[in-house]
Amino acid sequence: MEEPNQMGNIATGQNCIPGPRSILGWRMNMLRFFRNPFTYSRWLYETYGKTVAMGHGDNPSYVFAFGPDLNEQILTNPDLFKISSSLVKVPKDSLMGRMFYNNLLMMTGEKHKQYRRLMQPAFHRQQIVSYCNDMVQLTKQLSDSWLGLSEIELNHEMKKLTQRIAVKTLFGLYNEAELDQMGRLIHEITKSPLFVTLAPINIPGTPFHRALNSAKQLDAHIRVMIEEKRKNPNAVDVLSSLIQARDEDGTKLSDDELVGHTFSLYVAGHETTANALTWAFFLLSQHPDIQSNLLDELDGVLAGNDPTIEKLSSLSMLDGVIKETLRLLPPAGIGVRITSSSCQLGGFTIPKDTNVFFNQMITHRLPELYDQADLFKPERWRTIKRTAYEYLPFSAGEHMCMGSNFAIQEMKVVLAILLKRYRFSVVPNAKISPNMMMRPVHGMPMRIVPQDRQFQKTPVCGTIHQLVDF
Ligand code: HEM
């Protein structure tokens, strides 16, 4: 890596935002960042401080902002630090465009506020509670399907489960074949996001062409469901709730918007939750004492019964395990906004149209906020309380995750059921390496046996050792 020096500082008018200098240019530094987001961000912060620029001259293309104060400044000024949709190249007025743009994360200002209000009822506490039984049944179904197996690829299994839970709760589908078919169509549309959104070339054989075919089928399928649900106003699922939603002035979601929002909810919710669950199992399997204490709590509170909402709320150790997993390995650990005009940030002037990255991962490791920050210590959450800008796995401000309660409830149900039934141990010497979205890129091979409490840590290799001390 480059040595910091005066020459490494980047001049922006009267400004001098510190940042790395590379003979090969700032693109090389961005490549380093994308290849190894956590270690590179940490190095940037420790070397240059809270505000770091990439790029030359008066116009840095990218600025990195670290720490709770800057998180707050960015996330409480959505008109200045705007959501950017410039990376999505799909035409707005196309089938694919309607799916990608009818999405809260692409909306700004009054429109965003209005649509968030319209969608809120689907995520009210009471509504989420009503999904608990589905979460329990689908988790038990998955755990039955593991009978007789000694090894599973856990990340794949968690994706299968969160996908089924998402399709069931979003669309109210019970039929397993239909549930999996919807999952397959959505997977086909989202599996190559960069090709689909950046290079929308509709020629047979291209990822965009394949995604478009699946999008047509999905669109038709959801429209049929919308018609059916209009005839059954008592159905309890997210799509039904969105169909019935009305703003004070009577505004409701159009069919195009209903298709887009249900699609984007599925995309926002299932892989993030699957990755978070995968790391919770991993971290527990590498911390036998913590796992043993958690099992005591589960046995004591659930006493052999399925988890219910009341019981889930008294599982404080489980709550700590989830909070700590999301602190150490947040599935959405870096966010980005674009400046709508020139502004001050961290004592520097940032030009208009600069991409500003805020970084939950680094905030969650600040030693002044978290003692022994690289250790997995769920018990810390018994005594500490952090502000919305000091602990933000679900972001903060106007675009804060709408599904955070949904995701936490889902994680609690899945962990409680599966940990009581099976003991998980990572296959010895497996390569465990998370990417930017915390997907374990080489998978998460786990040995499973009926729960016998013989907890044992296993040696693993991979980049996980750069992220967590265990
Ligand atoms: C552990 C699981 C999850 C994590 C870590 C997570 C994280 C996040 C983050 C960080 C954001 C904000 C991004 C930003 O500020 O740029 C976000 C937004 C969002 N998430 Fe989640 N999410 C999770 C699960 C879910 C689930 C299960 C759903 C829905 C069922 C969901 C729906 C949404 C929606 C709709 C938004 C956009 C909100 C808006 O723009 O107003 N998420 N999520």
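Just above, that's the structure.
All values derive from a computational prediction rather than experimental measurement. (Residues numbered from 1 in each chain as written. Predicted model: local features only at pLDDT ≥ 70, side-chain atom pairs only at ≥ 80, totals over all residues. Heavy atoms only, no water.)

Draft legend 1. Focus on the nonpolar core. Grouped together as the largest cluster of nonpolar side chains are 125 residues, with contacts concentrated most on Trp 146, Met 158, Phe 281, Phe 282 and Phe 424. No other element matches the 14 residues that helix α13 (residues 255–285) contributes to this core. By size, the runner-up hydrophobic cluster in this structure holds 17 residues, among which are Ala 53, Ala 65, Leu 70 and Ala 396. (Core = buried A, V, L, I, M, F, W, Y, C linked by side-chain atoms within 4.5 Å. Buried < 20%, exposed > 50% of the residue type's maximum accessible area, 1.4 Å probe, protein only. Helix = DSSP H or I, 4+ residues; strand = E, 2+ residues; numbered from the N terminus.)

Draft legend 2. Inspection of the coordination of the iron atom of the ligand at higher detail. When only protein atoms are considered, the iron atom of the ligand has one donor, Cys 401 (SG), at a distance of 2.3 Å. Its place among the elements puts Cys 401 in the loop between α17 (360–363) and α18 (404–421). (Donors = N, O, S within 2.8 Å, 3.2 Å for Na, K, Ca; no water.)

Draft legend 3. Highlighting the packing of helix α7 (residues 132–145) against helix α8 (residues 154–171). It is the contact of α7 with α8, at a shortest axis distance of 10 Å, that shows an interaxial angle of 145°. Crossing angle aside, the handedness with which α7 passes α8 is right-handed. Contacts between α7 and α8 pair Asp 134, Met 135, Leu 138, Thr 139, Gln 141 and Leu 142 from the former with Glu 157, Met 158, Lys 160, Leu 161, Arg 164, Ile 165, Lys 168 and Thr 169 from the latter. Residue composition of the contact of α7 with α8, grouped by class: 6 nonpolar, 3 polar and 5 charged. (Axes fitted to C-alpha atoms, helices over the stretch in contact; angles between N-to-C directions. Left-handed = near helix turned anticlockwise from the far one by under 90°. Contact = heavy atoms within 4.5 Å. Nonpolar A, V, L, I, M, F, W, Y, C, P; charged D, E, K, R; others polar.)

Draft legend 4. Up close: the site of the ligand. Near the ligand you find 24 residues, and of these His 112, Arg 116, Arg 337, His 399 and Cys 401 are the closest. Contact between the ligand and Arg 116: an oxygen atom at 2.7 Å from a side-chain N or O atom of the residue. It is α13 that provides the largest number of residues to the shell around the ligand, a total of 5 residues. The residue makeup of the shell around the ligand, split by class, is 14 nonpolar, 7 polar and 3 charged. (Near = heavy atom within 4 Å. Polar contact = N/O pair within 3.5 Å; in protein donor to acceptor, adjacent residues only side chain to side chain.)

Draft legend 5. Molecular detail of empty space enclosed by the protein. The full count for this structure, using the stated rule, is 3 cavities of 30 Å³ or more. Within this model, the largest cavity holds a volume of roughly 60 Å³. Contributing to the lining of the largest cavity are Pro 78, Asp 79, Phe 81, Lys 82, Ile 83, Thr 108, Gly 109, Arg 337, Glu 398 and His 399. Size it by volume and the second largest cavity reaches roughly 40 Å³. Looking at the second largest cavity, the residues that line it are Ile 74, Leu 75, Pro 78, Phe 81, Arg 337, Ala 396, Gly 397, Glu 398 and His 399. Class assignment of the residues belonging to the lining of the second largest cavity gives a composition of 5 nonpolar, 2 polar and 2 charged. (1 Å grid on protein atoms, 1.4 Å probe; cavity = no way out; pocket = protein on both sides within 12 Å on 5 of 7 lines; lining within 4 Å. Points joined across faces, edges and corners; volume = space filled by probe spheres on them.)

Draft legend 6. Molecular detail of the packing of α7 against α18. Two elements in contact, α7 and α18, have axes separated by 10 Å at closest approach and are oriented at 35°. When the axes of α7 and α18 are compared, the crossing they make is right-handed. Contact with α7, carried on its side by Cys 132, Met 135, Val 136, Thr 139, Lys 140, Ser 143 and Asp 144, involves Phe 406, Gln 409, Glu 410, Val 413, Val 414, Ile 417, Leu 418 and Arg 421 of α18 and no other residues of that element. Considering only residue class, the contact of α7 with α18 consists of 8 nonpolar, 3 polar and 4 charged.

Draft legend 7. The arrangement of the packing of aromatic side chains in detail. Within the structure shown, the criterion is met by 18 aromatic pairs. Consider the rings of Phe 282 and Phe 470, whose centres lie 5.6 Å apart with planes at 85°: the pair is edge-to-face. Pair noted here: Phe 282 is in helix α13 and Phe 470 is in the segment after α19 (464–467), with a separation of 188 residues, a long-range link. Exposure remark for Phe 470: the relative accessible area of 24% places this residue in the partly exposed category. Each residue in the set Phe 33, Phe 34, Tyr 45, Tyr 62, Phe 64, Phe 66 and Phe 357 is aromatic and connected to the rest through ring pairs, giving one cluster. Over the ring of Tyr 370 we find Arg 327, and its NZ or CZ is 5.1 Å from the ring centre. Positioned over the ring face of Tyr 370 is Arg 386, at 5.7 Å from the centre of the ring. (Phe/Tyr/Trp six-rings, centres within 6.5 Å; stacked < 30°, edge-to-face > 60°. Lys NZ or Arg CZ within 6 Å of the ring centre and 35° of its normal.)

Draft legend 8. Molecular detail of the side chain of Gln 286. By the secondary structure assignment, Gln 286 is in the loop between α13 and α14 (288–302). Apart from residues no more than four positions distant in its own chain, Gln 286 is found in contact with Val 426, Lys 457, Thr 458, Val 460 and Phe 470.

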